[in-house]
Amino acid sequence: MPPNFDTSVPNIARIYDAMLGGKDNFAADRDAADRLTEVEPLAPLYARQHREFIGRAVRLVAGYGIRQFLDVGTGLPTMDNVHQIAHRQAPGSHVVYVDNDPNVCAHARALLADDPGTVAVVEEDLRRPEEILAHPETRRLIDFDEPLCVLVTAVLHFVPDADDPHRSIRVLTEAMCPGSHLVISHITDEEVRRTRPDDNRTGMDVFAKSNAPMHPRNVPDIERFLDGLDRHEPGLACISEWAAPNLSVIRDDLRDTWLGAVARKP
Ligand SMILES: C[S@@+](CC[C@H](N)C(=O)[O-])C[C@H]1O[C@@H](n2cnc3c(N)ncnc32)[C@H](O)[C@@H]1O
C-alpha cells in the first residue's frame with residue numbers, strides 16, 4: 001500500500017469515484033459524497049455528466065486528427081477512460097495519464113496501462129509542469145512536434161492561487177504545437193454562494209476535511225486558463241450543456257457551477 005494511505009481522510013479521487021457509483025472508496029469517502037449529495041441532490045448526475053463531457057471532448061478532438069493525449073489529474077479508473085474513448089476513435093492513439101496521488105497511479109497502472117505501447121502512467125504534480133513534460137514516459141509516448149491534447153479536468157480547483165495553476169497551464173500549452181487542444185473543467189461557486197450560502201459552506205467544509213481543499217474561481221479567472229486559445233462551441237459552458245445539450249432538468253441556480261471548455265491552439 002502506498003505511503004500516506006489513510007482511509008479515514010476523505011480523498012478527492014475516491015469521493016468522485018463514490019459519486020460515480022464506483023467501488024474504489026471507503027466509508028469516509030462515501031460519507032463525504034453523501035454530505036455533498038444532501039446539499040446538492042444533482043451532484044451524482046453532475047459527476048456522470050462530467051464524464052460525458054470528457055467523452056465528447058475526446059471525440060471532438062480526435063475528430064481533428066489528434067492521436068496523443070496528456071491527461072493530468074487522471075482520477076481513479078472508471079468506465080470510459082480517456083484511452084478507451086480515444087482508441088474507439090483511433091486505435092493506437094497514445095495516452096499519458098498523470099496524477100499526484102500514488103494510490104490513483106497504482107490503480108491506473110493496474111487497470112489502464114494494459115498496453116504499454118500506447119498508454120503510460122506518470123506520478124507527477126500539475127504544479128510541476130516542467131517535470132511532467134520532461135518525464136521519460138511522457139517523452140516516450142508524446143511527440144511535441146505533432147498536435148496533442150492536454151486534459152486538465154476537475155483538477156484546477158484543487159490547486160490554490162498560491163501555487164499558480166495559471167502558470168502550469170501556460171507551461172503546458174507553450175509546449176504544444178499549433179493545432180493542439182486544451183480541455184479543462186472547473187468549479188465556480190459565485191451563483192451558489194449568492195443563492196445558497198449555507199449549502200455552499202457545507203460543500204466547502206466537506207472538501208476542507210479531505211486531502212485537497214477546494215478553490216472555486218470566478219469566471220474571468222477560469223477564462224484566463226484559455227488565454228491565447230480558440231474555444232470550440234459552446235465555449236466555456238456548463239458541463240451539462242456539453243454533456244446533454246437538450247437537457248432541461250438543470251435548475252437555473254446550478255447552471256453555472258461546473259464549467260468546461262475545449263480550446264485549440266491557433
Ligand atoms: C476529481 S478527480 C478528476 C478525475 C478526472 N480528471 C475527471 O475529470 O473525471 C481529481 C484528480 O486530480 C488529482 N489531482 C489533484 N491535484 C493534483 C495535482 N496538483 N497534480 C496532479 N493530480 C492532481 C487527484 O489525485 C484526483 O485523482
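Structure shown above.
A few points on the structure. Since the model is a prediction, treat every value here as computed from it, not as a measurement.

## Comments concerning the overall build of the chain
In terms of regular secondary structure, the chain is built from twelve helices and eight strands. Computed over C-alpha atoms, the radius of gyration of the chain comes to 17 Å, within 12% of the 18 Å expected from 2.2 N^0.38 for 266 residues, which places it in the range of a compact globule. In terms of overall dimensions, the chain has a C-alpha envelope of 50 × 45 × 35 Å along the principal axes. Residue burial in the chain is summarised as follows: out of 266 residues, 54% are buried. For the chain, long-range pairs separated by at least 24 residues make up 75% of all intrachain contacts whose partners lie at least 6 apart in sequence. Total accessible area computed for the chain in this model is approximately 11,800 Å², and 50% of it derives from carbon and sulfur atoms. Positive and negative charge centroids in the chain, built from 29 and 43 side chains respectively, lie 1 Å apart.

## Focus: the site of the ligand
Close to the ligand lie 20 residues; Tyr-16, Arg-51, Gly-73, Asp-99 and Thr-153 are nearest. Contacts to the ligand include Asn-100, whose backbone N or O atom sits 3.4 Å from a nitrogen atom. Interatomic distance of 2.7 Å between a side-chain N/O atom of Thr-153 and an oxygen atom of the ligand. Protein contact buries 96% of the 610 Å² of open area that the ligand shows by itself. Going through the elements one at a time, helix 1 (12-19) and helix 3 (43-63) are the ones with two or more residues in the shell around the ligand. Each residue belonging to the shell around the ligand can be placed in one class, and the counts come to eight nonpolar, six polar and six charged.

## Considerations on the packing of helix 3 against helix 4 (residues 82-89)
The geometry of helix 3 relative to helix 4 is characterised by a closest axis approach of 9 Å and an angle of 40 degrees between their N-to-C directions. Relative to helix 4, the element helix 3 lies oblique. Pair helix 3 / helix 4 crosses with right-handed handedness. Across the interface between the two elements, Ile-54, Gly-55, Val-58, Arg-59 and Ala-62 from helix 3 touch Val-82, Ile-85, Ala-86 and Gln-89 from helix 4.

## A look at the packing of aromatic side chains
For the structure on display, the rule yields three aromatic pairs. Ring centres 6.4 Å apart and planes at 50 degrees place the aromatic pair Tyr-46 and Trp-258 in the tilted group. Note that Tyr-46 is positioned in helix 3 and Trp-258 in strand 8 (residues 258-264), a separation of 212 residues in sequence. Each member of the pair, Tyr-46 as well as Trp-258, is classed as buried. When the ring of Phe-158 is compared with that of Phe-207, the centres are 5.8 Å apart and the planes differ by 55 degrees; the resulting orientation is tilted. A residue pair is termed long-range when its members are at least 10 positions apart, and Phe-158 in the loop between strand 4 (149-153) and helix 8 (165-174) and Phe-207 in helix 10 (residues 197-208) qualify at 49 residues.

## Focus: the nonpolar core
Within the largest apolar cluster, 42 residues are counted, with the highest numbers of intra-cluster contacts made by Phe-53, Val-58, Phe-69, Val-82 and Leu-151. The dominant element in this core, judged by the number of residues it contributes, is helix 3, at eight residues. Non-local contacts of Val-58, meaning those with residues more than four positions away in its chain, are made with Phe-69, Val-82, Ile-85, Ala-86 and Leu-151. Within the second largest apolar cluster, 32 residues are counted, among which are Ile-222, Leu-229, Leu-259 and Ala-263.

## Notes on the pattern of salt bridges
Within the structure shown, the criterion is met by 17 salt bridges. The salt bridge involving Glu-137 is made with Arg-140; its shortest N-O contact spans 2.9 Å. Of this pair, Glu-137 and Arg-140 both sit in helix 7 (residues 136-141), separated by three residues, roughly a single helical turn. Accessibility expressed as a relative area gives 24% for Glu-137, which makes it partly exposed. Note on Arg-140: relative accessible area 42%, which makes it partly exposed. For Arg-201, the salt bridge goes to Asp-198, with nearest N and O atoms at 2.6 Å. Placement of both Arg-201 and Asp-198 in helix 10 is noted, with a separation of three residues, approximately one turn of the helix. Each member of the pair, Arg-201 together with Asp-198, is exposed. In this structure, a network of salt bridges that share partners links the residues Arg-35, Asp-205 and Lys-209.

## What about unusual backbone geometry?
A cis amide bond, omega 5 degrees, links Glu-233 with the succeeding residue Pro-234. Mapped onto the fold, Pro-234 is located in the loop between strand 6 (230-231) and strand 7 (237-238). Here Asp-80, not a glycine, exhibits a phi torsion of approximately 55 degrees, which is positive. Tracing the backbone shows Asp-80 in the loop between strand 1 (68-72) and helix 4. Backbone geometry at Asp-164 places phi at a positive 50 degrees, although glycine is not the residue there.

Rules behind the numbers
Residues numbered from 1 in each chain as written. Predicted model: local features only at pLDDT ≥ 70, side-chain atom pairs only at ≥ 80, totals over all residues. Heavy atoms only, no water. Helix = DSSP H or I, 4+ residues; strand = E, 2+ residues; numbered from the N terminus. Rg over C-alpha atoms; globule rule 2.2 N^0.38 Å. Buried < 20%, exposed > 50% of the residue type's maximum accessible area, 1.4 Å probe, protein only. Contact = heavy atoms within 4.5 Å. Areas by Shrake-Rupley, 256 points an atom, 1.4 Å probe, with all protein chains shown as cover. Lys, Arg positive; Asp, Glu negative; His and termini not counted. Charge placed at Lys NZ, Arg CZ, Asp CG, Glu CD. Near = heavy atom within 4 Å. Polar contact = N/O pair within 3.5 Å; in protein donor to acceptor, adjacent residues only side chain to side chain. Nonpolar A, V, L, I, M, F, W, Y, C, P; charged D, E, K, R; others polar. Axes fitted to C-alpha atoms, helices over the stretch in contact; angles between N-to-C directions. Parallel < 35°, antiparallel > 145°, perpendicular 65-115°, else oblique. Left-handed = near helix turned anticlockwise from the far one by under 90°. Phe/Tyr/Trp six-rings, centres within 6.5 Å; stacked < 30°, edge-to-face > 60°. Core = buried A, V, L, I, M, F, W, Y, C linked by side-chain atoms within 4.5 Å. Salt bridge = Lys/Arg side-chain N within 4 Å of Asp/Glu carboxyl O.

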